[in-house]
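Take a look at the letters that make up each chain.
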Amino acid sequence: MGWTRKDLLTMRELDAGEITLLVDTAASLQEIATREIKKVPALRGKTIVNLFYEPSTRTRTSFEIAGKWLSADVINFSAGVSSTSKGESFIDTAKNIAAMSPDVVVVRHSSAGAAEVLARQLSCSVVNAGDGAHEHPTQALLDLLTIREKRGHFDGLHVAIVGDITNSRVARSNIHAMRKLGMTVTVAGPPTLIPPFVQELGVKVAYRLEDAIRDVDVIMMLRLQHERMQAGLIPSVREYSSYWGLTLDKLGRHARPDVLIMHPGPVNRGVELSPEVADGPYSVILDQVAKGVAVRMGVLLLLAGSKGAAAA
Amino acid sequence: MSTLIKHGRVIDPANGVDAVQDVLIADGKIERVGKNLVAPVGAEVVDAAGKVVCPGFIDIHVHLREPGYEYKETVATGTRAAAAGGFTAVACMANTNPVNDNGAVTDYILAKARVEGVVRVHPIGAVTKNLRGEELAELAELAEAGCVAFSDDGRCVMNAALYRRALEYTLPFGLPVISHAEDTHLSLGFTMNEGVVSTEIGLPGSPAAAEDVMVARDILLAELTGAHVHIAHLSTAGAVRLVRDGKARGVRVTAEVTPHHMILTEEAVRSYDANTKMAPPLRTKRDTEALVEALADGTIDCIATDHAPHALAEKEGEFDRAAFGIVGLETAVAVLMDRLVGPGLLPLGTLVSRLSRDPARLLNLPGGSLAAGAPADITILDPERKATVDPVKFRSKSRNTPFGGWTLTGGPWLTIVGGKVVRP
């Protein structure tokens, strides 16, 4: 089956076949990273605009490398150094960029729904690179690719996502994708960081780390943002770390010996993950980052490549 | 100068009338209502066969935006929108710039209304200076200048002690205090209702409890002071229960509901269309059902639109940065006739009452009745009219409606203020 959508905005709107196509395409492109000359002509003559309204190092770099390895022209547009700091509105900026005829706009924005609003305005393809607390589909795809490479399949796996679920777009994209691929998802954290009615998304909820990580195949730890403490959601980083931080000791006592530890980055070392866990044998955090480039190449190729280009 | 409206179905809840009758208007007042009236010499005759003749509709919750936000709306455009939507009078909220917190601003609004308005305009004064919630506005002066109620609408007076003093201080004026009931700590940062949809689409939500705790507080303060507290834009099933309980205990509490809170739910926000963003937010189906039931049984006293015009630039782009509020004057009657009266959820007579007699009583306004001698403010409805909402044709300066493109059966046909036709 082929790709038919103009945009990649959410995992929620995709079906299992589409998700599998995205993961397969990314898998087939991984080999490019091992070449001496990391360049294929698939998107030669195509223009990709990275429109980043929120600071991001790894996602923006990952999209940029992906575009360049595919021979596209990649332009980075970051709020703060652009006209947005002069008061230009999101819609005006979008219209101005559209006037320059890009093929793909990759957008990162702190407002949920920003990618959808943009996609309605633009005739070119839009990739959601994270919109507020809504979705971050390419992160979910690289998580899925990492899991499949380590476990060989999706169906029947159990994943625990731990931390600030309320504010996590990574959690939402993964929940939707994993449920569609036949995985079980448990979300866990202090109740103040678990959004209301989250069970309606088809997940289990745990309020103790030990309960969440027992017998799961994958533990995905989320970054704790320090603002959460000021908002009165947790008493202190110290307490959070002591109850919700993942340590070798807790892993040894409660988790399976072959569990995978994932994190979308950047890691607060010593808060949600002890350094020994982040760098330890369970951790696949750097595999995730490496797979990010392949995933974004796959997404750009499916959206902007001509028919048959994937064979390049 | 007289006008005879013939053969219409007259619904006049204040006088217990629902029958095909004629209405004779003379010198801006209702002269007579009865069967087979004869037109005086020179009278204009309006054939209202098949139409519904009602006391003029009154919207007690409108933002006319003047002074200060004339790019969103003015007294001239807002009152034309009202007339187009079948309203003969509006009460306008105090969150202008400068705020209507002193008699001079009230004078200005009333002067504008006399010169440029086409329906009656009743200003509502602020409760606190500059709507800051810190010290009382000059409430006696506002009452004397012609304000019909007090409200910091758009903001909630969070300081319960100050609100208690406002309720006490205004007691001698006999004017209600209108509560924008929202605990701003519970609602902090919200853009929509907190629930399954907010969880899924990642927008910060405000729980129904943010409204309910404040409605409960305000009912208790009404009880403490003996004042009349009116709850603006009530939107939750929980607040309905609290008002019902307060009324049963004899507390002087009343409430209004908007069309959008009865017709739309949080599901509409999935589009990230900022025309589904308002305060209080769209709630759940359970809430909309409770609101319609409460409106039918009188727990909720009247309908008000919370007409809140905003310029396009304030309502496009990112949902969480967009302004709160939607326009309502030009869609309310048609939406309610199509979605509530049409399917049998609300009798037409009750709808008419909740738009005319009941708001008039609530704010002690002239109108709301077709009794002889009453002002000839009349709304005539066409139950058969079928039309598609086209925001481009609004008389309002603003277009921020979630109902654009809806095809609706039933709506306003003719609006008469003081005996004068103001629409079409």
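Once a new chain begins, its residue numbering starts again from 1 and follows that chain's sequence as written. Here chains are named by letter from A upward and ligands by number from 1 upward, in the order in which they appear as written. In view of the model being predicted, local features appear only for residues whose pLDDT reaches at least 70, and side-chain atom pairs are presented and counted only at 80 or more, with totals across whole chains, interfaces and linings using the full set of residues.

A few words now on the overall build of chain A. Going along the chain from the N terminus, every DSSP run of H or I of four or more residues is numbered as a helix, and every run of E of two or more is numbered as a strand. Across its full length, chain A carries 12 helices and 9 strands. Against the compact-globule benchmark of 20 Å for 312 residues, chain A has a radius of gyration of 19 Å, which places it among compact chains. The principal-axis extents of the C-alpha atoms in chain A amount to approximately 55 × 45 × 35 Å. Residue burial in chain A is summarised as follows: out of 312 residues, 49% are buried. With C-alpha atoms as the basis for the radius of gyration, the globule rule is written as 2.2 Å multiplied by the number of residues raised to the power 0.38. Neighbour counting defines burial: a residue surrounded by 20 or more other C-beta atoms within 10 Å of its own C-beta is buried, one with 12 or fewer is exposed, and intermediate counts give partly exposed, using backbone-placed C-beta atoms.

We now examine the sheet that holds strand 3 (residues 104-109) of chain A. All names here are of chain A. Taking strand neighbours across the sheet as the criterion, the 4 strands line up as 2-1-3-4 in an open arrangement whose pairing is parallel. Strands at the two margins of the open sheet, each flanked by one partner only, are strand 2 (73-78) and strand 4 (125-131). Strand-to-strand, the axes of this sheet are offset by a mean angle of 15°, without reference to chain direction. DSSP calls a pair of strands paired once it identifies at least 2 bridges connecting them. Sheet analysis places strand 1 (residues 47-52) next to strand 2, joined by 6 bridges and oriented parallel. By the bridge assignment for strand 2, I48 is matched with V74. A fitted line through C-alpha atoms represents every axis, and for helices the fit uses only the stretch in contact; the resulting angles, taken between N-to-C directions, go from 0 to 180 degrees.

All right, on to the interface of chain A and chain B then. On the side of chain B, 16 residues touch chain A, which itself brings 21 residues to the contact. Listed by contribution, the elements that provide at least two residues to the side of chain A that touches chain B are helix 3 (90-98), helix 4 (114-121) and helix 6 (169-180) of chain A. A per-element tally of the side of chain A that touches chain B places helix 4 of chain A first, with 3 residues. Each residue is assigned to one of three groups, with Ala, Val, Leu, Ile, Met, Phe, Trp, Tyr, Cys and Pro labelled nonpolar, Asp, Glu, Lys and Arg labelled charged, and all others, Gly among them, labelled polar. Broken down by class, the residue content of the side of chain A that touches chain B amounts to 11 nonpolar, 6 polar and 4 charged. Any pair of residues counts as being in contact when their C-beta atoms, constructed from backbone geometry, are within 7 Å of one another.

Think of a nonpolar core as buried Ala, Val, Leu, Ile, Met, Phe, Trp, Tyr and Cys residues chained together by C-beta atoms that fall within 7 Å. One finds A:V162, A:I219, A:L300 and B:F150 to be the most contacted residues of the largest nonpolar core, which totals 237 residues. Per-element accounting of this core gives the leading share, 11 residues, to helix 12 (residues 285-304) of chain A. Residue contacts for A:L300: discarding those within four places in its chain leaves A:L43, A:I48, A:A66, A:G67, A:L70, A:A72 and A:V104.

Let us now look at the pairing of strand 14 (residues 253-257) of chain B. Residues and elements named next belong to chain B. Among the 5 residues in strand 14, 5 count as buried, and that is most of the element. Both faces of strand 14 are covered, namely the face carrying V253, A255 and V257 and the face carrying T254 and E256. In this sheet, strand 14 lies alongside strand 13 (residues 229-231) in parallel orientation, the contact comprising 3 bridges. Pairing of H230 across the sheet is with T254, part of strand 14. Crossover handedness is defined here as right-handed if the route from the first strand over the helix to the second strand goes clockwise, with the strands pointing away from the viewer. A crossover links strand 13 with its parallel partner strand 14, the connecting element being helix 7 (residues 237-248), and its sense is right-handed. By the bridge criterion, 2 bridges tie strand 14 to strand 15 (residues 302-303) in an arrangement that is parallel.

So, on to the sheet that holds strand 7 (residues 87-92) of chain B. Residue and element names in this part refer to chain B. The strand order across the open sheet formed by 3 strands is 6-7-8, and the pairing between neighbours is parallel. The sheet is open, and its two edges are formed by strand 6 (57-62) and strand 8 (120-123), each paired on a single side. Adjacent strand axes in the sheet meet at a mean angle of 20° when their direction is disregarded. In this sheet, strand 8 lies alongside strand 7 in parallel orientation, the contact comprising 4 bridges.

A score between 0 and 100, pLDDT records how confident the predictor is in each residue. Per-residue confidence for chain B gives a mean pLDDT of 97; residues scoring 70 or more make up 100%. Scored as a complex, the prediction yields pTM 0.94 and ipTM 0.91.

All names here are of chain B. Among the structural elements, V389 can be located in the loop between strand 16 (378-388) and strand 17 (407-417). Judged by local crowding, V389 falls into the partly exposed class, with 19 C-beta atoms found within 10 Å. Sequence-wise, V389 and T401 are 12 residues apart; in three dimensions their C-alpha atoms are separated by 9.4 Å. Leave out the neighbours within four places in its chain, and V389 touches T331, T401, F403, G404, G405, W406 and L408.

Residues and elements named next belong to chain B. For chain B, the assigned domains are domain 1 (2-52 + 375-423) and domain 2 (56-362). Taking the mean C-alpha position of each, domain 1 and domain 2 sit 25 Å from one another. Opposite the 31 residues of domain 1 that make contact, domain 2 presents 46 residues. With 7 residues, strand 17 is the largest single contributor of residues to the side of domain 1 that touches domain 2. In this entry, domain limits derive from an automatic or database-based domain assignment.

Before going further, it helps to examine the domain arrangement of chain A. All names here are of chain A. Along its sequence, chain A is organised into domain 1 (16-135 + 291-311) and domain 2 (137-288). Taken over C-alpha atoms, the centre of domain 1 sits 26 Å from the centre of domain 2. Taken together, the contact pairs 21 residues of domain 1 with 20 residues of domain 2. Listed by contribution, the elements that provide at least two residues to the side of domain 1 that touches domain 2 are helix 1 (16-29), strand 4 and helix 12. By residue class, the composition of the side of domain 1 that touches domain 2 is 11 nonpolar, 5 polar and 5 charged.

Between A:G265 and A:P266 the backbone carries a cis peptide bond, its omega angle lying at -10°. Along the chain, the position of A:P266 falls in the loop between strand 9 (260-262) and helix 11 (275-278). Cis geometry marks the peptide bond from B:N97 to B:P98, where omega comes out at 5°. In this fold, B:P98 is placed in the loop between strand 7 and helix 2 (103-116).

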